[in-house]
Each structure stands twice: as C-alpha cells, then as structure tokens.
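Architecture at a glance
Below are the chains, spelled out letter by letter.
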Amino acid sequence: MARKIPKIVREIRSNPPQEINFAYQKNVSYSQMSIFRGCPYRWKLQYKDKIKAFTSSIHTVFGTAIHEVLQHYLDVMFDTSAAGADRIDLEELFNEKFIEEYQSQYKRNKNQHFSSAEEMREFYEDGIGILNWFKKKRAKYFSRRGWHLVGCEVPLVISPNKMYTNIKYTGFLDVVLYNEKYNTFKIIDIKTSTRGWKERDKKNEDKQYQLLLYKQFFSEQYGIPLKDIEIEFFIVKRKVLSFDDENIMSPHQAYRVQTFSPPSGKIKLSRAKKAIDNFIKECFVSSGEIKEIEYPKSPSKWNCTFCPFKENLELCGEGLKF
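Let me begin by describing the structure that accompanies this report.

Here strand β4 (residues 184-193) lies mainly inside the structure; eight of its ten residues are buried. Sheet analysis places strand β3 (residues 167-179) next to β4, joined by five bridges and oriented antiparallel. The residue of β4 that forms the bridge with asparagine 179 is threonine 184. Linkage of β3 to β4, two consecutive antiparallel strands, is achieved through a turn of four residues, within which asparagine 183 is found at a positive phi near 55°. Sheet analysis places β4 next to strand β5 (residues 229-237), joined by nine bridges and oriented parallel. If you follow threonine 192 over to β5, its bridge partner there is valine 236.

The structure is reproduced here in structure tokens:
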C-alpha cells in the first residue's frame, strides 16, 4: 500500500518555481559566487565573455554518477520501500551512469579522452565500495519512520536581492526530506571526497555558504520558517583506511560516509546573504546587465589549480607560475 504523502510535501512537489526567462533575466548561483570570490577575472571570462572551457575531470564524472545512483536509491526507498531499494543492482546502475557521464563529457571535450583506463578502473572500484558500504549502513542515515522525501534535485529560483529584480538565484537541492512528527525539513547536499573533510574544510565559510543560501532561499520560496529547516553535508569518501593499516586511529576512519551540519543561525545566514548581495552589487547594474569594469586576477596555487584558463597564455596563463 502506498504511503500517504503529507499535504505540505504534495504542495511543494506540485508547485515548482517559475523558470527563468533568459530573454531578459540573468541567473546567478552558488558556484558563480564561489568562482568570483576566488578570482573575479575567471568569473568574467566564463560569465561575461562567455568563453567556454572544458572543466570536467574524472572527479566530476564520478561525482555525477554517485549522485544519480544515491538519489535513485532514495527515490525508491521513500516512494516504494526500503526492500525495493535494496533490490536495486547498484553496481550495474553505477556502471551505467559512470560510462554514460564519461561519454557525455568526452563529447564535450571534442572527443578527447581526459582519463586513463587505469584511473577509470580505480574510480569505478571506489564507487562500488561506497555504494556497497552505504547499502549495508543506510539505516544509520536514512529512515522511512516519520520521514518523507520531498524530492531530489529540488529546484530553487528566487530573487536574492529585491533591488535587482531581473537577477534570479538558481540551485538544485540534492535531497530534501520532511519529518512529519516534528514538521521540520532537512536539506542534504551530497559531496564526494577523496578521504573526507578535515577541520579546515568544515570551517571554510565559502563551503558553508552553499547550504546556508539553500536554507535561506528554500524558506523564502515555500514560506517555511527558518527554524524548521536543518542542513547537512553528506560526504562520501573514495578512500578509507582499513583495519589492517598501521595508521588507523579509530574505526570511524573506515566509514565511507561523513556527515556535517554547519551552524546556521542568524549570524551565519546574514553572512551568506551579505556574500551573495556583494557579489551581485559588484558585478551587475540594477537592470541585470553585467558591469563594464575591470575584474582583477587573483592568482594563487588553490585558485589556479582548478582554473580552466591556467595555461592559456592568450587569456590568462597565471597558473603556469604554480
């Protein structure tokens, strides 16, 4: 027998936000803001000059495939049954998604390979390790008792600053759950990581801003009190220490999943809102057009490592220093 879906969940599912009209509206996102805060010049090349550069890697292929498999598992678990979800052949599904995403990125890269067979095999085996572990330990993280799935890839489209009505913040929430007993929501963002987040990652405000903005705008879009929304990073690790390793410090290091809920009180939410407001004010005029100003370069080992223009001497090339 199908579960009775709470009214508020049905309302959210049946009332998606109006899509952006790109004829006169501009979209901004957390990733845009993050790029700008790291290097305004890179943001200018990508979003003002619209210079397309191949930015995929085996890491993005892996991340996309893991996201899609975990989201499908949760869809079946909450909307059908946990037993039905456990019957899914996760290895076969991951293999399908992994190959499909690599082929898609391969075409975008002008039919040029960007990974080796050895590297792909390593990442594939890491993915299978994650999924098998998750299937065994799923009850530790997700339960149907009192919980309902609002959706995966739940869309956000909202004006982040009322003075810039033609600018819309867009985002897709990986997983949104609703607890019927306590009338609360949980927004979960899935992250893939090599060995998990260290303390410096958890304290990185730029990383926290993603979920803080999701909480703020999900509240505004659906009229849900901020106090009734929890946020959580769900971090899956490719590499773990086994119990045979001499360096193992605790059994928790062998866990494939790490969860982290950043503080999200008024002060933190205010900082995140100020960050997106400053980004919009620095880059756009009130009508939504991008400003004709100088966008400075911010070369650093961190910024340049992940920049698609790091070795392009015609456009930048600052990455060659590092």
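Still to come is the rest of the account.
Tracing the chain through its elements places asparagine 109 in the loop between α6 (90-108) and α7 (117-137). Owing to a relative accessible area of 16%, asparagine 109 belongs among the buried residues under this scheme. Ignoring sequence-local partners within four residues, the contact set of asparagine 109 consists of Phe54 and Phe114.

Attention shifts here to the packing of helix α9 (residues 205-222) against helix α10 (residues 266-283). Their axes nearest at 9 Å, the elements α9 and α10 cross at an angle of 95°. One way to sum up the angle between α9 and α10 is to call them roughly perpendicular. Of α10, the residues touching α9 (which contributes Glu205, Gln208, Tyr209, Leu212, Leu213, Lys215, Gln216 and Phe217) are Lys268, Leu269, Arg271, Ala272, Lys273, Ala275 and Ile276. Residue classes in the contact of α9 with α10 are distributed as eight nonpolar, two polar and five charged.

Closest axis-to-axis distance for the helix α4 (residues 58-79)/α6 pair is 9 Å, and the angle between their directions is 140°. The orientation of α4 relative to α6 falls into the category oblique. Handedness of the crossing formed by α4 with α6: right-handed. Seen from α4, the contacting residues are Ile58, Val61, Phe62, Thr64, Ala65, Ile66, Glu68, Val69, His72 and Tyr73; seen from α6, they are Leu90, Leu93, Phe94, Lys97, Phe98, Glu101, Tyr102 and Gln105. Each residue belonging to the contact of α4 with α6 can be placed in one class, and the counts come to twelve nonpolar, three polar and three charged.

Another point: empty space enclosed by the protein. Counted according to the given criterion, the structure contains one cavity of 30 Å³ or more. One number sums up the size of the largest cavity: a volume of about 30 Å³. Looking at the lining of the largest cavity residue by residue, the classes come out as six nonpolar, no polar and no charged.

As a further point, take unusual backbone geometry. In the Ramachandran plot, lysine 110 falls in the positive-phi region, its phi being about 55° despite a non-glycine side chain. By the secondary structure assignment, lysine 110 is in the loop between α6 and α7. Positive phi outside glycine occurs at asparagine 183, with the angle close to 55°. Judged by its relative accessible area of 39%, asparagine 183 is partly exposed.

Conventions and cut-offs
- Residues numbered from 1 in each chain as written.
- Predicted model: local features only at pLDDT ≥ 70, side-chain atom pairs only at ≥ 80, totals over all residues.
- Heavy atoms only, no water.
- Buried < 20%, exposed > 50% of the residue type's maximum accessible area, 1.4 Å probe, protein only.
- Helix = DSSP H or I, 4+ residues; strand = E, 2+ residues; numbered from the N terminus.
- Pairing = 2+ DSSP bridges.
- Contact = heavy atoms within 4.5 Å.
- Axes fitted to C-alpha atoms, helices over the stretch in contact; angles between N-to-C directions.
- Parallel < 35°, antiparallel > 145°, perpendicular 65-115°, else oblique.
- Nonpolar A, V, L, I, M, F, W, Y, C, P; charged D, E, K, R; others polar.
- Left-handed = near helix turned anticlockwise from the far one by under 90°.
- 1 Å grid on protein atoms, 1.4 Å probe; cavity = no way out; pocket = protein on both sides within 12 Å on 5 of 7 lines; lining within 4 Å.
- Points joined across faces, edges and corners; volume = space filled by probe spheres on them.

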